[in-house]
Amino acid sequence: MATAPSNASELADGLVADGYLADTQTALVAWLALELGKPVLVEGPAGVGKTELAKALSRVLGRNLIRLQCYEGLDEAKALYEWNYRKQLLRIQAESDDTAWTDVHDDIFGEEFLLERPLLEAITTEEPVVLLIDEIDKTDQEFEAMLLEILSDFQVSVPELGTLTAKSMPIVLLTSNNSRELTEALKRRCLYLWIDYPEASHELEIIRLKTPGLPETVAQKLIELVGEIRDLDLKKPPSIAESIDWARALLLLGANDIDAKVFRETMSVIVKHRSDLDTVAERIGVKLADANAASSD
Amino acid sequence: MPRAATNTAPGSGFDGNLLAFTRELRAEGVAAGTAEMLDATAAIGHVDWADRDAMHGALSATLAKSPEDMRLFDAVFERFFFRAAEGAALEQGEQIAAGQPGEEGADRIDIEDLKQQIAKGLREGPEGAVRDMARLAVAAFGQTQGGSGVVGVDVQRIRRQLGLRSEPQPDLPEGDHRAQGIPSDRLRMFEKEVRRELERQMIERTQTLPPSRPLGDLERGLPTGPAQDLAEIHKVVAQLRRKLATNGQLLKGQRRSNAIDVRKTVRASLQTGGVPVVLHQRPKRPKRPEIFVLCDVSTSVTSSSIFFLSVLHALHDSFRKMRSFVFIERISEVTELFDKERDFKKVSKAIATDAGVADVSGYTDYGRVWKEFLQQIESELHPRATVIVLGDARTNGRPAREDLFAQIAAKAGRTFWLNPEPKLYWNYGDSVIEAYGEYCNTFECWTANQLGEFVEALARPGSDPKHAR
């Protein structure tokens, strides 16, 4: 395991070295989570690097990442544990006739027959891990309630077996797109981190880090444009992920400047709705053409 | 300044301050419980106390748990520690405001020159320069004309005088630093610094802390006037829509046991020799109401009502059928208009000009409206229809005709009344909301939260408000 960072800025440096440019608040909360042993609830618009944060943390801290992708209808059997029914069946059949039923009964509900799902796995591994519970807002409230035990006490109660307590303390990150109000009980157990679209200067640094070959002027113009596009009334405003994609596309095309033509050709990388395309072309594309004409005068 | 006194009372120490801070947060509506307090205490043990950002970060991560809470937290944090610092300074009798740039040298600052200087500083200078610019502006402003005594007014007045805007101003001469517009984040920062500087000056003048002012509901109010950005509104709407969607899921989950579909079960049992092995249940479909919206667009409520109409239309998918009417003295249907037009400003303009509600007096006549509505729509009303009225129920002295309204309510399944006025003003003057309230569910609706509550109530199937009453 890598050496544990001794303060928030050290952790931030580590994240940068790994290619994740965290702002001070993000680094601070991540570090507090590490120190206090509390789960972090990360909220923010789609594509600002919530999931990426967990991945980067796991690499920096030298821990394994266990990921639980949430969806509607996710239940205990898929998230927590399940009895290995086939193996139990085999066990019963392999038994000779004269064995007492109670022996078999006790036997087939042992840890040997327990199938570990991500949540249980996260707390029963010897090495501490980073547990990412992605898009918690997609599940229903019953699932949230089930999480409470694991989040506050790091233990899981299996009726047939008793309580399984954590062998190691995982760092837990829960992400949410804020599509529904999470329960108070869940929020109370977590630290809260809101990641928003970054400030222009911060985003510029991210672009530089991710696409080092891109000319500085292009990068700056790109950030400026993305900022303007975000201010429009769009169905899906471009996120950091899209800015990076755009930067990569421009790099591939070898663009030296973003003029109206380049913009029109690559616009689809950042804008992903039919109606949005029209709006952006109308509002931004025209402005670019004007700027060009003015500069060539 | 009673609170400042208790904050700095000996023996209260850091815990006391944290407690006072949490209490202020709660007073503003942030749900910060004991568990949060404990977390906060644990968290600040791990950060550098002298570092303002780190303190802010640690406290906000533990005390504020939603974007809304974050916003309130920032405001309260700012206010609390500003007051704490100023309070301490007052107690020690220190000179608070540092040397004012305006006092030295020239007794009158050239305003034109100052405008350029500030605009340039804001556009190009480092972030730290913003504060100096703010001080400069406040000092110059104080010289040319006295303040109004209200900080908020003064801030706007200073900004206007300096001609600072975020959008480009092409009519300004070449080389003017304001021509390209000031970056809006810089402008906000500038305003904040100016505000703080003005507050500081006021404290210095009066030698007391002003009473701590609650943030006020207005800051959380609905986006009203058409000047406001449509994007803001759509954000509210998108949230509501997703909430509705997840609520639907919730209801589905709760209704696992259902009525058995006998026909389907028997048919399936043929496969297993007539033994009904698999039970088929009748799916219970979520109720999607048919909605009739009646919207007052007289001048007193225009902005909020049109906003509201556009929200309902954005939520169109959630409803089976929806028809909208606007009224002042007479009633007029605008369903098509909303289907065609997405732009908030265009809609309000179209309604104002050619929706057929251009009346002589411009005063609402509820009695007549009910009558016309009954004439046009009565045959279409049925127990599964929902009627929503948006208006302030101010009759302008004309007959209320609640008997007609009662007829409408009786025909429709559910009837809601949304009043964009705060409850405080209900039934004062010519407001007759009480008379109508007999027959419908009344909602106070002037913040985004209240609107959210209403939409949830609307989408909640089953419960009939009239019988519940």
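Residues numbered from 1 in each chain as written. Chains lettered and ligands numbered in written order. Predicted model: local features only at pLDDT ≥ 70, side-chain atom pairs only at ≥ 80, totals over all residues. Heavy atoms only, no water.

Enquirer: Talk me through the overall build of chain B; I want residue IDs and the actual numbers.
Expert: Helices and strands together make up the secondary structure of chain B, namely 19 helices and six strands. Considering chain B as a whole, with its 469 residues, one finds that 43% of them fall into the buried category. Of the roughly 24,600 Å² that chain B leaves accessible, carbon and sulfur atoms contribute 51%. (Helix = DSSP H or I, 4+ residues; strand = E, 2+ residues; numbered from the N terminus. Buried < 20%, exposed > 50% of the residue type's maximum accessible area, 1.4 Å probe, protein only. Areas by Shrake-Rupley, 256 points an atom, 1.4 Å probe, with all protein chains shown as cover.)

Enquirer: Please provide a residue-by-residue account of the environment of Y363 of chain B, values included.
Expert: Residues and elements named next belong to chain B. Looking at the secondary structure, you find Y363 in the loop between helix 14 (344-354) and helix 15 (366-377). We classify Y363 as partly exposed; its relative accessible area is 48%. Measuring from C-alpha to C-alpha, the distance between Y363 and N396 comes to 6.8 Å, with 33 residues separating the pair along the chain.

Enquirer: Give me the lowdown on the interface of chain A and chain B, citing residues and values where you can.
Expert: On the side of chain B, 30 residues touch chain A, which itself brings 25 residues to the contact. At the boundary of chain A and chain B, one finds one salt bridge. Put simply, K38 of chain A and D39 of chain B hold a salt bridge, and the shortest N to O gap is 2.6 Å. In this structure, the connection of chain A to chain B is made through seven residue pairs in polar contact (both at pLDDT 80 or more). The greatest single-element share of the side of chain A that touches chain B, amounting to seven residues, is contributed by helix 2 (residues 24-36) of chain A. Its residues assigned to classes, the side of chain A that touches chain B comprises 10 nonpolar, five polar and 10 charged. (Contact = heavy atoms within 4.5 Å. Salt bridge = Lys/Arg side-chain N within 4 Å of Asp/Glu carboxyl O. Polar contact = N/O pair within 3.5 Å; in protein donor to acceptor, adjacent residues only side chain to side chain. Nonpolar A, V, L, I, M, F, W, Y, C, P; charged D, E, K, R; others polar.)

Enquirer: Lay out the packing of helix 2 (residues 13-27) of chain B against helix 4 (residues 52-63) of chain B with the relevant residues and their values.
Expert: Residues and elements named next belong to chain B. Between helix 2 and helix 4, the least distance of the axes is 13 Å, while the angle of their chain directions is 55°. Regarding the angle of helix 2 to helix 4, the classification is oblique. Seen along the crossing, helix 2 lies across helix 4 with a hand that is right-handed. Along its contact with helix 2, which presents F14, L18, F21, T22 and L25, the element helix 4 presents M55, L59 and L63. In terms of residue class, the contact of helix 2 with helix 4 is built from seven nonpolar, one polar and no charged. (Axes fitted to C-alpha atoms, helices over the stretch in contact; angles between N-to-C directions. Parallel < 35°, antiparallel > 145°, perpendicular 65-115°, else oblique. Left-handed = near helix turned anticlockwise from the far one by under 90°.)

Enquirer: Which residues make up the environment of A409 of chain B, and what are the values?
Expert: As for its position among the elements, A409 of chain B is in helix 16 (residues 402-411). Each C-alpha atom of the pair A409 of chain B and E438 of chain B lies 10.0 Å from the other, and the pair is 29 residues apart in sequence.

Enquirer: I'd like to hear about the sheet that holds strand 6 (residues 441-444) of chain B, residue by residue, with values.
Expert: Residue and element names in this part refer to chain B. Spatially, six strands are ordered 3-2-1-4-5-6 in an open sheet, and the strand pairing comes out mixed. Pairing within the sheet leaves two strands with one partner each, and these edge strands are strand 3 (331-333) and strand 6. Taking each pair of neighbouring strands and ignoring which way they run, the sheet shows an average axis angle of 20°. For strand 4 (residues 385-390) and strand 5 (residues 414-419), the ladder comprises five bridges, and the chain directions are parallel. Across the sheet, the residue bridging to I388 is F416, located in strand 5. Lying over the sheet, helix 15 contacts strand 1 (290-296), strand 2 (321-327), strand 3, strand 4 and strand 5, oriented at roughly 145° with respect to strand 2. (Pairing = 2+ DSSP bridges.)

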